[in-house]
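# Fold and contact review
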Amino acid sequence: FQLYGYCYQDSNDIPDTLTTITELGSPLEMIQLLQTSWEDRFRICLSLVRLLHYLAHSPLGSVTLLDFRPRQFVIVDGELKVTDLDDASIEESSCTSNSDCFMEFPARNFTLPCSVEGRCQNMNEKRNLYNAYRFFFTYLLPHSAPSSLRPLLDKIVNATGNCNKHSSAKYFLFQCDCHLSPSPSVNSEFTQKCVKSANTKYRRVPEAFIPDENYRCWPSYHHKGCLLSVFDVSEAIEICDSYPQCKAFVLTNQTTWTGRQLVFFKMASNPIVPDPDKITYVKVTD
């Protein structure tokens, strides 16, 4: 969380008080988040992974958030930031045996090894990781994700749910980020292959747009139409084929923060109007 200033006050009326001035964030509402696009939710999860990494390797040592719940976080410019540090702790639990290193959660429990120094190994880090899984990853990552990423996302959720820090969030979300950010050469190769495939099912109309014939889908970047992000033409075809009402789609020149292209999906292809910044694909009917 960005700190802009602070004031320490020690008086008879208010002893030992620290007032901080921080950046303004929006309260995190999980129901609203579930109604946003998958990429926006993925961005929040990425910022959470960066936070988890920082907490595990902070200058003070491994820090755990004892009250790790959505109400302790805010959204700032699409990124998740922790705002309440009253319950942060750098103390790793002391132990004399593994049985002392018992972590209990509503759904499952974990027993961690007790080190020769008499401290529960990685307890702070694993407590944060599992809380991130049960409050964030399990809800925000899988739902309405791109089909090509679902096997990878299943690994993320399973790894964090098992508190496996070596094969969980940071590595897998980095892989997702790579999949979501197409390079020009790869995208060009995909597009060439997809155009060939599309010729049998879709007719390509360059520099054209369908202004009407909208239908609503969820999640959508447009509240009155079906506007989704795709990696390439192949994914747009897959999405259109999955909607019975979809008869055409329009590639725009707009992209999301990950570089994925925004596409309008349409119920029909009439009328088609000229537009130099768009390409329309119309489903071929027998």
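Below is a summary of the structure that appears in this document. Quick caveat, the model's predicted, so the values are computed rather than measured. (Residues numbered from 1 in each chain as written. Predicted model: local features only at pLDDT ≥ 70, side-chain atom pairs only at ≥ 80, totals over all residues. Heavy atoms only, no water.)

## Considerations on the sheet that holds strand S10 (residues 202–209)
The criterion, for reference: Pairs of strands are assigned from DSSP output, requiring at least two bridges between the strands. Each helix is a run of H or I in the DSSP string that is no shorter than four residues. Each strand is a run of E no shorter than two, and both are numbered from the N terminus. An axis is simply a line fitted to the C-alpha atoms; with a helix, the fit covers only the stretch in contact. Between two such axes, the angle follows the N-to-C directions and lies from 0 to 180 degrees.
Strand order in the open sheet formed by five strands is S10-S14-S12-S13-S11, and the pairing between neighbours is antiparallel. Each of the sheet's edge strands pairs with one partner strand only, and the pair in question is S10 and strand S11 (226–230). Here the average twist between neighbouring strands, direction ignored, is 30°. As judged from the seven bridges shared by S10 and strand S14 (residues 273–283), these two strands associate in the antiparallel manner. Paired with Ala 208 across the bridge in S14 is Pro 274.

## Section: the sheet that holds strand S6 (residues 79–82)
Filter applied, for reference: When checking whether two residues touch, look at their non-hydrogen atoms; a contact exists if any pair is within 4.5 Å.
Strand order in this open sheet of three strands is S3-S5-S6, and the pairing throughout is antiparallel. In this open sheet, the two strands that pair with only one neighbour each are strand S3 (26–27) and S6. Running at roughly 40° to S6, helix H2 (residues 38–56) makes contact with strand S5 (73–76) and S6 of the sheet.

## Digging into the environment of Leu 129
The cut-off we apply is this: Summary of the burial criterion: residues with accessible area below 20% of their type's maximum are buried, those above 50% are exposed, and those between are partly exposed, where the area comes from a 1.4 Å probe applied to protein chains only.
Along the chain, Leu 129 falls in helix H3 (residues 123–140). Relative accessible area serves as the criterion here: at 7%, Leu 129 is assigned to the buried category. As a C-alpha pair, Leu 129 and Val 49 span 80 residues in sequence and 9.0 Å in three-dimensional space.

## Some details on the side chain of Lys 278
Cut-off, in case you're wondering: For the purposes of these results, a polar contact is taken to be a pair of N or O atoms within 3.5 Å, where, inside protein, one atom must be able to donate a hydrogen and its partner to accept one; residues adjacent in sequence count only when each atom of the pair is a side-chain atom.
Inspection of the secondary structure assignment puts Lys 278 in strand S14. A polar side-chain atom of Lys 278 sits 3.2 Å from a polar atom in the side chain of Asp 275. Once you skip the residues sitting within four places of it in the chain, Lys 278 turns out to touch Pro 206, Glu 207, Ala 208, Phe 209, Val 250, Leu 251 and Thr 252.

## What about a nonpolar patch on the surface?
Test applied: Patches here: salt-bridge-free residues with over 30% relative accessible area, like charges joined within 9 Å, nonpolar side chains (Val, Leu, Ile, Met, Phe, Trp, Tyr) joined within 5 Å. Note on areas: Shrake-Rupley with a 1.4 Å probe; residue coverage comes only from the protein chains shown. Within this document, salt bridges are pairs made up of a side-chain nitrogen of Lys or Arg and a carboxyl oxygen of Asp or Glu, the two lying within 4 Å of each other.
A grouping of Leu 3, Tyr 6, Tyr 8 and Leu 18 is seen on the molecular surface, where their side chains present a nonpolar patch of about 490 Å² in accessible area. Residue contributions to the nonpolar patch peak at three residues, all from strand S1 (residues 3–9). One can find Tyr 6 in strand S1.

## Topic: the packing of aromatic side chains
Threshold: Paired rings are identified among Phe, Tyr and Trp, the last through its six-membered ring, by centres lying within 6.5 Å, and are further divided according to the angle between planes into stacked (under 30 degrees), edge-to-face (over 60) and tilted (the rest). Counted as over-ring charges are cases with an Arg CZ or a Lys NZ within 6 Å of the ring centre that also lie within 35 degrees of the ring normal.
Taken as a whole, this structure holds 13 aromatic pairs when the rule is applied. Ring geometry for Phe 105 versus Tyr 130: centroids 4.4 Å apart, planes at 40°, classification tilted. Taken together, the positions of Phe 105 in the loop between strand S8 (102–104) and strand S9 (109–111) and Tyr 130 in helix H3 put the pair 25 residues apart, joining distant regions of the chain. Per residue, the accessibility class of Phe 105 equals that of Tyr 130, and both read buried. Pairing Phe 209 with Phe 264 gives two aromatic rings, centres 6.2 Å apart and planes at 65°, and the pair type is edge-to-face. Of this pair, Phe 209 sits in strand S10 while Phe 264 sits in strand S13 (residues 261–266), and the two are 55 residues apart along the sequence. Each member of the aromatic cluster is reached from another via a ring pair, and the members are Phe 105, Phe 110, Tyr 130 and Tyr 133. Against the face of Phe 264 rests Lys 266, its NZ or CZ located 5.0 Å from the ring centre.

## Focus: the environment of Ile 21
On the secondary structure map, Ile 21 appears in strand S2 (residues 17–22). It is 6.2 Å that separates the C-alpha atoms of Ile 21 and Leu 3, two residues lying 18 residues apart in sequence. Not counting the four nearest positions on each side in its chain, Ile 21 is found in contact with Gln 2, Leu 3, Tyr 4 and Gly 5.

Geometric values such as these leave the question of function open.
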